[in-house]
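# Examining the three-dimensional arrangement
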Amino acid sequence: MAYHIFSYASQSSNDLAFDRYLGSAVSVDFYWESVGRELKLPIISSLTERADSEEGLSISSGDLVLFKNELTALERYWKEKSLTMELPNDFLQGIRNIAAAIDVAIADGLTVMIA
């Protein structure tokens, strides 16, 4: 299964504000969730479990701020690891792009979904 993070431009719109690919279940587990568990990041460590649940994974308001902080920690971790380990092409830039989209979602009061 492939996972995406996305948000609609407004609560009443079907237009996407952003849609970013996170990766396959295996890559999300390795590059996101395993690091989330190691760093004790509650949202990132449970991405696939929550996204695959009946309710899905929706992040809004204060949880978006928490998620943005978790993204910062995740980027810092992989930036350090990239000195001794090769990462997938544009992986760090992808995290930065997602963080920038989360900033917009916070400013605009949007809900972010992962599916």
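My aim in this report is to walk through the structure given alongside it, one point at a time. Nothing here was measured: the structure is a model prediction, and the numbers come from that model.

## Topic: the packing of helix α1 (residues 25–39) against helix α3 (residues 61–81)
Where α1 meets α3, the closest approach of the two axes is 10 Å, and the angle between their N-to-C directions is 105°. Classified by the angle their axes make, α1 and α3 are roughly perpendicular. Along its contact with α1, which presents Phe-30, Tyr-31, Trp-32, Val-35, Glu-38 and Leu-39, the element α3 presents Leu-71, Ala-73, Leu-74, Tyr-77 and Trp-78. The residue makeup of the contact of α1 with α3, split by class, is ten nonpolar, no polar and one charged.

## Examining helix α4 (residues 91–108)
In this model α4 runs 26 Å from its N-terminal to its C-terminal C-alpha over 18 residues, within 8% of the 26 Å that 1.5 Å per residue would give. Every buried residue of α4 is listed here: Phe-91, Leu-92, Ile-95, Ile-98, Ala-99, Ala-101, Ile-102 and Ala-105. The inward-facing, buried residues of α4 abut β1 (2–8), β2 (16–24), α1, α3 and β4 (112–114).

## Points about the packing of aromatic side chains
Considering all chains together, one arrives at eight aromatic pairs under this definition. With centroids separated by 6.0 Å and ring planes inclined at 85°, the aromatic side chains of Phe-6 and Tyr-8 adopt a geometry described as edge-to-face. Among the residues examined, Phe-6 registers a relative accessible area of 17% and is labelled buried. Ring centres 5.4 Å apart and planes at 55° place the aromatic pair Tyr-31 and Trp-78 in the tilted group. Of this pair, Tyr-31 sits in helix α1 while Trp-78 is found in helix α3, placing the two residues 47 residues apart along the sequence. Here Tyr-31 matches Trp-78 in class, with each residue buried. By the ring-pair criterion, three or more aromatic residues cluster together here, those being Phe-30, Tyr-31, Trp-32, Tyr-77, Trp-78 and Phe-91.

## Concerning the pairing of β1
Pairing of β1 with β2, which is carried by seven bridges, proceeds in the antiparallel orientation. Pairing of Ser-7 across the sheet is with Phe-18, part of β2. Pairing geometry for β1 and β4, over three bridges, is antiparallel. In the sheet register, Ile-5 faces β4, and the bridge partner there is Ile-114.

## Considerations on the layout of surface pockets
The calculated volume of the largest pocket comes to roughly 210 Å³. Lining the largest pocket are 14 residues, with Tyr-21, Leu-22, Gly-23, Trp-32 and Phe-91 sitting closest to its centre. When contributions to the lining of the largest pocket are tallied by element, the ones reaching two or more residues are β2, α1 and α4. Element by element, the count of residues in the lining of the largest pocket is highest for β2, at five residues. Residues belonging to the lining of the largest pocket are distributed by class as follows: eight nonpolar, five polar and one charged.

Rules behind the numbers
- Residues numbered from 1 in each chain as written.
- Predicted model: local features only at pLDDT ≥ 70, side-chain atom pairs only at ≥ 80, totals over all residues.
- Heavy atoms only, no water.
- Axes fitted to C-alpha atoms, helices over the stretch in contact; angles between N-to-C directions.
- Helix = DSSP H or I, 4+ residues; strand = E, 2+ residues; numbered from the N terminus.
- Parallel < 35°, antiparallel > 145°, perpendicular 65-115°, else oblique.
- Contact = heavy atoms within 4.5 Å.
- Nonpolar A, V, L, I, M, F, W, Y, C, P; charged D, E, K, R; others polar.
- Expected span 1.5 Å × (residues − 1).
- Buried < 20%, exposed > 50% of the residue type's maximum accessible area, 1.4 Å probe, protein only.
- Phe/Tyr/Trp six-rings, centres within 6.5 Å; stacked < 30°, edge-to-face > 60°.
- Pairing = 2+ DSSP bridges.
- 1 Å grid on protein atoms, 1.4 Å probe; cavity = no way out; pocket = protein on both sides within 12 Å on 5 of 7 lines; lining within 4 Å.
- Points joined across faces, edges and corners; volume = space filled by probe spheres on them.

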